[in-house]
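An overview of the molecular structure
Residues per chain are reported as follows:
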Amino acid sequence: MQLEDVYKLYMNDLYRYLLSLSKDHHIAEDLVQEAYYRAYLMLEDHEILHIKAWLFRVAYNAFIDYQRKNKRLVMKEQIDENLSSDIVTPEGRMLEKESMQSLFDDLDILKEKEKHAVMLCDFHELSYQEAADILGLNMNTFKSHLSRARKKLMARVKERMNRDEE
């Protein structure tokens, strides 16, 4: 498969994944470029069978390298410019932004591996094996992280719903 085809197929998914990790539009764009640069270097010499999972692994490693290089936590920034909305009304946009922000806040309570497990499986629809490979975990460990993360998220959502009802 040619790099141009890979780019067209997975660029948006990769960008959303990196945006969810970095919470910054510009950093996510830079990391997408870095991931595709690394892919360009590797695809020339190797035949990759599961390109999507491999590309997400490359992007994850680029993000980790970025974090290590800067030795700081990535600060939250407004994501409204990055969210596309089918709802035309300002109220609808505001509600969507608030719900996305709540989701990101809920994800932030999770441990790093749990957060990545949920994002890869539930948001980016990768198989358990692909996600486990990306994170460098064995399957049982990955499933444990994913199960714990989902339980924590469900508890947070239920808690928020109970507060809203009161």
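Residues numbered from 1 in each chain as written. Predicted model: local features only at pLDDT ≥ 70, side-chain atom pairs only at ≥ 80, totals over all residues. Heavy atoms only, no water.

**Topic: the side chain of K115**
- If you trace the backbone, K115 turns up in helix α5 (residues 112-123).
- In this view, K115 contacts S20, K23, L107, D108 and L110; residues no more than four positions away in its chain are not counted. (Helix = DSSP H or I, 4+ residues; strand = E, 2+ residues; numbered from the N terminus. Contact = heavy atoms within 4.5 Å.)

**Side note on unusual backbone geometry**
- A positive phi angle, near 60 degrees, is found at K23, a position not held by glycine.
- At E125, a position not held by glycine, the phi torsion is positive, near 55 degrees.
- For E125, the location among the structural elements is in the loop between α5 and α6 (128-135).
- Taking relative accessible area as the criterion, E125 reaches 67% and is therefore assigned exposed. (Buried < 20%, exposed > 50% of the residue type's maximum accessible area, 1.4 Å probe, protein only.)

**Points about the nonpolar core**
- Counting residues in each nonpolar core, the largest one holds 46 residues, and the members touching the most others are L14, Y17, L18, L55, L120 and F142.
- With 12 residues, helix α3 (residues 51-70) is the largest single contributor of residues to this core. (Core = buried A, V, L, I, M, F, W, Y, C linked by side-chain atoms within 4.5 Å.)

**Details of the environment of L103**
- By the secondary structure assignment, L103 is in helix α4 (residues 90-108).
- We classify L103 as partly exposed; its relative accessible area is 24%.
- Separated by 54 residues in the primary sequence, L103 and V157 have C-alpha atoms spaced 9.0 Å apart.

**Digging into the packing of aromatic side chains**
- Tallying each qualifying case throughout the model produces three aromatic pairs.
- Ring centres 5.0 Å apart and planes at 65 degrees place the aromatic pair Y7 and Y36 in the edge-to-face group. Within this pair, whereas Y7 is found in helix α1 (residues 3-22), its partner Y36 is found in helix α2 (residues 25-43), the two being separated by 29 residues in sequence.
- What makes Y7 partly exposed here is its relative accessible area of 39%. (Phe/Tyr/Trp six-rings, centres within 6.5 Å; stacked < 30°, edge-to-face > 60°.)

**Looking at the packing of α5 against α6**
- Relative orientation of the contacting elements α5 and α6 amounts to 140 degrees, with a least axis distance of 10 Å. The orientation of α5 with respect to α6, classified from their angle, is oblique. Crossing geometry of α5 relative to α6 is assigned as right-handed. Packed against α5, whose contacting residues are K113, H116, A117, L120 and C121, the element α6 presents Y128, A131, I134 and L135 at the interface.
- When grouped by side-chain class, the residues that make up the contact of α5 with α6 number seven nonpolar, one polar and one charged. (Axes fitted to C-alpha atoms, helices over the stretch in contact; angles between N-to-C directions. Parallel < 35°, antiparallel > 145°, perpendicular 65-115°, else oblique. Left-handed = near helix turned anticlockwise from the far one by under 90°. Nonpolar A, V, L, I, M, F, W, Y, C, P; charged D, E, K, R; others polar.)

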